[in-house]
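Residue-level listing of the chains:
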Amino acid sequence: MFHEDFDCPGIARFVLGRYWRSASAEEQQEFVRLFEDYVVFVYTARLGDFGGETFKIRSSRSDGDGIIVSTDVFSPGRTSPLRIDWRLVTDNGVYKISDVIVEGVSMSVTQRSEFASVVQRNGGQLRSVFALMREKTARAAH
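This is a predicted model, so every value here is computed, not measured.

*Asks:* Sorry, what's going on with the overall build of the protein here?
*Replies:* Along its length, the protein carries six helices and five strands. If you list the helices and strands of the protein from N to C, you get α-α-α-α-β-β-β-β-β-α-α. Overall, the protein is about 45 × 35 × 25 Å in size when its C-alpha atoms are taken along their principal axes. In the protein, which comprises 142 residues, the share counted as buried stands at 38%. Looking at the protein alone, contacts between residues at least 24 apart form 40% of all its contacts between residues at least 6 apart.

*Asks:* Explain unusual backbone geometry here, please?
*Replies:* Across residues other than glycine, the phi torsion is negative in most instances, and most of the peptide bonds are trans. Non-glycine residue Asn92 carries a positive phi angle of around 55 degrees. Note on Asn92: relative accessible area 77%, which makes it exposed.

*Asks:* Just checking my understanding: could you explain the pattern of salt bridges for this structure?
*Replies:* Once the charged atoms of two side chains with opposite charge are near each other, the side chains can pair. Counted by the stated rule, this structure contains seven salt bridges. Of the charged contacts, one joins Arg139 and Glu135 as a salt bridge, the two residues approaching to 2.4 Å between their closest N and O atoms. With Arg139 and Glu135 both in helix α6 (residues 127-141) and four residues apart, this pair spans about one turn of that helix. Three or more residues are tied together by salt bridges with common partners; here these are Arg58, Asp72 and Asp85.

Cut-offs applied
- Residues numbered from 1 in each chain as written.
- Predicted model: local features only at pLDDT ≥ 70, side-chain atom pairs only at ≥ 80, totals over all residues.
- Heavy atoms only, no water.
- Helix = DSSP H or I, 4+ residues; strand = E, 2+ residues; numbered from the N terminus.
- Buried < 20%, exposed > 50% of the residue type's maximum accessible area, 1.4 Å probe, protein only.
- Contact = heavy atoms within 4.5 Å.
- Salt bridge = Lys/Arg side-chain N within 4 Å of Asp/Glu carboxyl O.

Pasting the structure below:
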């Protein structure tokens, strides 16, 4: 589902931010590959606690080059719904998710900030982000 429904290459470019332009083609390819694994393992672990939720679409609206679909997620035992917005872009006529915004917090922007901080603390070296993704993916896989 992740590979079919998410614009992973686009998200990866956004998340790496300004460092994408300075990365070699090999580093870009490695980042996309590592990012896909990272997202699948790390977010699957976080979403593993979900079960029995129902989704209700509140609205949709145009957002520049795509649309935002606003949903409420109702969880058993929770008094108020979780608000999740899904930013969608078109990819060859098919909508793909380019961001998930949970209670107003963009997952892509949050990830971009975290990765930029890691690269900056390590002298602009992309391998520091690669190491972080490998470590978190390995930890989530166990």
